[in-house]
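Listed below, chain by chain, are the residues.
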Amino acid sequence: MNKLFPNVDEAVADIPDGSSIAFGGFFTCGSPIFLTEALARQGAKNLTIVSQTIGVGNWEINLLINNHQVKHAICNYPFARSVSKMSPFEKQLKAGEVSCEVYPMGTFIEKLRAGGAGLGAFYTPTGVGTVVAKGKETRLINGKEYLLEYAYRPDYAFIHAWKADTLGNVIFNKTAQNYNPEMAKSARIAIVEAENVLEPGQMDPNAIHLPGIYVKRVVKVDRPKIKIGIDG
Amino acid sequence: MNKLFPNVDEAVADIPDGSSIAFGGFFTCGSPIFLTEALARQGAKNLTIVSQTIGVGNWEINLLINNHQVKHAICNYPFARSVSKMSPFEKQLKAGEVSCEVYPMGTFIEKLRAGGAGLGAFYTPTGVGTVVAKGKETRLINGKEYLLEYAYRPDYAFIHAWKADTLGNVIFNKTAQNYNPEMAKSARIAIVEAENVLEPGQMDPNAIHLPGIYVKRVVKVDRPKIKIGIDG
Amino acid sequence: MTTKPKLEGIPREMIALRVANEIPEGSYVNLGIGIPTLISNWIEGRDIIIEAEIGMLNVGAFAEGEQIDQDCINASCQPVVELPGASYFSDCESLSMLRGGFIDYAVLGAFQVSEKGDFAGWNIPGSGRGDTGNIGGSMDLAVGAKNVFIAMDHVTTDGEFKILKNCSYPLTAKGVIKKIFTNLAVIDVTDKGLVLRELAPGISAEDVQAVTEPKLIISADLKEMEM
Amino acid sequence: MTTKPKLEGIPREMIALRVANEIPEGSYVNLGIGIPTLISNWIEGRDIIIEAEIGMLNVGAFAEGEQIDQDCINASCQPVVELPGASYFSDCESLSMLRGGFIDYAVLGAFQVSEKGDFAGWNIPGSGRGDTGNIGGSMDLAVGAKNVFIAMDHVTTDGEFKILKNCSYPLTAKGVIKKIFTNLAVIDVTDKGLVLRELAPGISAEDVQAVTEPKLIISADLKEMEM
């Protein structure tokens, strides 16, 4: 069950127009930048992208925005930190070219977790009494109010890994783990770019963050050179 | 923040009558047998116990049953495998001395996971159209039927660990992980018995199964001598 | 109910082999107890990965002697060995994996299967256990796996039907079974009903129909099981 | 709205110190951006563990020079170092931890706080962003943490009230704030209303009331902030 692909371009070659894709990574940390660049080269259009932030820290997402490949975003932190800076995505949103759903961080990733775990929906206390609750069902459980939020499953997930074996088992490095595991589990096809590719048996079976069953494709990439910060 | 207790008896000394307690372990594997024995010596009564099985493989649970310390069980696999064998729990259940709720394995642990994660309830497809669905709300989501199941939080969790540090960080060994992480996270007070107790910094921060924030007490125990099997 | 003379058909190991042949390379599988457990012998060395719902992937053979580790068991509480590329994870993760559709083939035993694809495998009326029983992980597996197969004897030891119009035992799941493998036959569960696809050597379609409550649709290419 | 001359009170570092003194040994804390970030300087060496919602416990100081690892940042995208006993985990795990009540003290900044304990910290009307904005992890933290504190300047740079009868900005959460620490005062949020507990040096209760919209209840043991 060798899941190794020769390069990032082949790993994303078959992604059709209209796909939904989840991107791991938290600002500059653990983002699948090589797969994102390959998708920009590949050119699939009308994409729904699922990502903590839309081109803030994970700057490569802006390649997709500027190519007009994106029609919808599901996210947590869509914009530049400063309201005086306008990202490419914010410009397109204001121009009505793209649409956007924003969720609290926990709800954002819990929707994907629920999707991957085969659940239909869940009740969370987060966002009760805020704009997040607009149009959503609420329920009192033991006297506390909860919002109903639905599971979500994207077609693809792009995952950046520190180590992966050819069966798709993955170990992440420190805070580069972030959204990556649950995004991989939520997707129908999870594609892993890994800084290190190993043979099965070379990683401690007790220390795997993402079991290979969740991963369909693995591709070797270089360790990216990253400038930390989101105000650039 | 040293969470080390001198022995299992002191670690369970303050558990009051009427408490709910989750027990990690899957049959003979990863069960907190030393804490369970200590609780039998301690004698707290009217307990609600949450455990995959009630005294099958995790035979020490039968100490609590035979002491009449248990009034209610929440479980997945309550009885001996063979219908011709009757466990102490099954006898008490038939005599009306205890009560019991049984859930499918995934629902059983997801209820605890939801509790620990601060969620109120979730919709699962498991059990639709079976006795498990009796009296429960259902909801159609994208044309598929789901059951509403509520989160559950026990007062205590008894956890068996391979390695723990004095801050409560835990690494489990192989399939002895099983229910232990989510049970610890669900409880208000998680108590860990560990075969090896280390200082902070002696475990790989990338390989922690259960972060110390979830653990209130750690106690050193011997590696148990276990006879594998559930027909004994 | 039937009291016809019992038909032997093929032994349990051969049922397991027939199921193993149905599972393509590159599959992730979960095997229940009983006949399904025997399938692991037949897929050894093939490019198929076994999951155990206790929280393990790349499950190997049963452990023996020095190999036995009390911290490495399968969901039936049997010691197993790990294969290269193994991973361990929590039960919560494991059951999420099952519900989430990541298991390609789940092979389970059953007390009863209906022509609608319902099956009953966790509790027997008259066991004295009522609605309280050992549910285990089968309900999650049954609703989640991409393909759910049943491997079982065609009739009970008393010769009673196990393949029925409707299950009378408490259900494990509704409408999930794709194929039934027995000592006598291979049967597909379809929207139109049960389709008899293959027969054990020496067994006729009439023999199978006689021990099967619902009317079987005879496949146009009905053939003898190939092993 | 007020246009009174601005009262200086204590500097931001001292607000951070005052909050730090409120957090007992043995606590798990999560610190938001702005003044809360400065608290980490004051709790260094104390028996307090910092969580970062990106998925890290035992967060240490900001990393500098050779210490910087692009794979180790906090939720504000600043490089940090790990302390002994650190652990890394997923964001899903981290946010579950926040909602689940495992953080003893969350200290956040705010644009506005109401006397009911509501607060607004993620979006400013007139920013042009409407209901779409950078929510981040604050809503989860606010509903989950055992004690939610606000550390902020008492009024806006334009001298407008930030402590209000009702927030006019989009809420982060309702009824969750326990204490407010500003450059002028320490205020408890109680069922009966806002209780003025402590004053910055040189500041009177009247000064604080003048820049606070709701009527303050003066604590019987009102005192000067101790640092």
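Please read these numbers as outputs of a predicted model, since none were measured by experiment.

**Re the interface of chain B and chain C**
Many structure descriptions define interface size as the accessible area lost when the parts assemble.
Piece 1. Facing the 53 residues of chain B at the interface are 41 residues of chain C.
Piece 2. On the chain B side of the contact with chain C, Lys174, Thr175 and Ile228 of chain B bury the most area, a combined 18% of that side's loss.
Piece 3. Viewed at the interface, chain C and chain B are joined by six salt bridges.
Piece 4. Here Asp131 of chain C makes a salt bridge to Lys134 of chain B, at a shortest N to O gap of 2.4 Å.
Piece 5. There are 26 residue pairs in polar contact (both at pLDDT 80 or more) connecting chain B and chain C.
Piece 6. It is helix α5 (residues 105–116) of chain B that provides the largest number of residues to the side of chain B that touches chain C, a total of six residues.
Piece 7. For the side of chain B that touches chain C, the class distribution of residues is 26 nonpolar, 15 polar and 12 charged.

**A short note on the sheet that holds strand β6 (residues 112–114) of chain D**
Residue and element names in this part refer to chain D.
Piece 1. Spatially, β7-β6-β9 is the arrangement adopted by the three strands of the open sheet, whose pairing is mixed. The open sheet has two edge strands, β7 (119–120) and β9 (163–164), and neither has a second partner.
Piece 2. Across two bridges, β6 lies against β9 in parallel orientation. Paired with Val113 across the strands is Ile163, a residue of β9.

**Section: the packing of helix α5 (residues 105–116) of chain A against helix α3 (residues 91–99) of chain D**
Piece 1. Where α5 of chain A meets α3 of chain D, the axes come as close as 9 Å, and the angle between the chain directions of the two elements is 125°. In terms of orientation, α5 of chain A and α3 of chain D fall into the oblique class. Regarding α5 of chain A and α3 of chain D, the two cross each other, and that crossing is left-handed. Seen from α5 of chain A, the contacting residues are Met105, Gly106, Thr107, Ile109, Glu110 and Arg113 of chain A; seen from α3 of chain D, they are Asp91, Cys92, Leu95, Ser96 and Arg99 of chain D.
Piece 2. Taken together, the residues that form the contact of α5 of chain A with α3 of chain D break down as four nonpolar, three polar and four charged.

**Concerning the interface of chain D and chain A**
Piece 1. Every contact between the two is made by 41 residues of chain D and, on the other side, 53 residues of chain A.
Piece 2. Buried area between chain D and chain A, both sides added, is near 3,700 Å², and the carbon and sulfur share of it is 60%.
Piece 3. On the chain D side of the contact with chain A, Gln70, Asp71 and Arg129 of chain D bury the most area, a combined 20% of that side's loss.
Piece 4. Where chain D meets chain A, there are six salt bridges.
Piece 5. Note that Lys174 of chain A is salt-bridged to Asp69 of chain D, the shortest N-O span being 3.3 Å.

**A look at the sheet that holds strand β7 (residues 138–141) of chain A**
Piece 1. Taking strand neighbours across the sheet as the criterion, the six strands line up as β7(A)-β8(A)-β6(A)-β6(B)-β8(B)-β7(B) in an open arrangement whose pairing is antiparallel. The open sheet terminates on both sides in strands that have one partner only, identified here as β7 of chain A together with β7 (138–141) of chain B. Neighbour-to-neighbour, the strand axes of the sheet open up by a mean angle of 30°, direction not taken into account.
Piece 2. In terms of strand pairing, strand β6 (residues 121–124) of chain B meets strand β8 (residues 144–150) of chain B through four bridges, oriented antiparallel. By the bridge assignment, Phe122 of chain B is partnered in β8 of chain B with Glu149 of chain B.

**Here we look at empty space enclosed by the protein**
Piece 1. Under the criterion given, the structure shown has nine cavities of 30 Å³ or more.
Piece 2. Roughly 750 Å³ of internal volume is contained in the largest cavity.
Piece 3. Lining the largest cavity are 41 residues, with Lys185 of chain A, Glu182 and Lys185 of chain B, Glu93 of chain C together with Glu93 of chain D positioned closest to its centre.

Calculation notes
- Residues numbered from 1 in each chain as written.
- Chains lettered and ligands numbered in written order.
- Predicted model: local features only at pLDDT ≥ 70, side-chain atom pairs only at ≥ 80, totals over all residues.
- Heavy atoms only, no water.
- Contact = heavy atoms within 4.5 Å.
- Buried area = accessible area lost by both parts, 1.4 Å probe.
- Salt bridge = Lys/Arg side-chain N within 4 Å of Asp/Glu carboxyl O.
- Polar contact = N/O pair within 3.5 Å; in protein donor to acceptor, adjacent residues only side chain to side chain.
- Helix = DSSP H or I, 4+ residues; strand = E, 2+ residues; numbered from the N terminus.
- Nonpolar A, V, L, I, M, F, W, Y, C, P; charged D, E, K, R; others polar.
- Pairing = 2+ DSSP bridges.
- Axes fitted to C-alpha atoms, helices over the stretch in contact; angles between N-to-C directions.
- Parallel < 35°, antiparallel > 145°, perpendicular 65-115°, else oblique.
- Left-handed = near helix turned anticlockwise from the far one by under 90°.
- 1 Å grid on protein atoms, 1.4 Å probe; cavity = no way out; pocket = protein on both sides within 12 Å on 5 of 7 lines; lining within 4 Å.
- Points joined across faces, edges and corners; volume = space filled by probe spheres on them.

In short, shape yes, function no, at least from these values alone.
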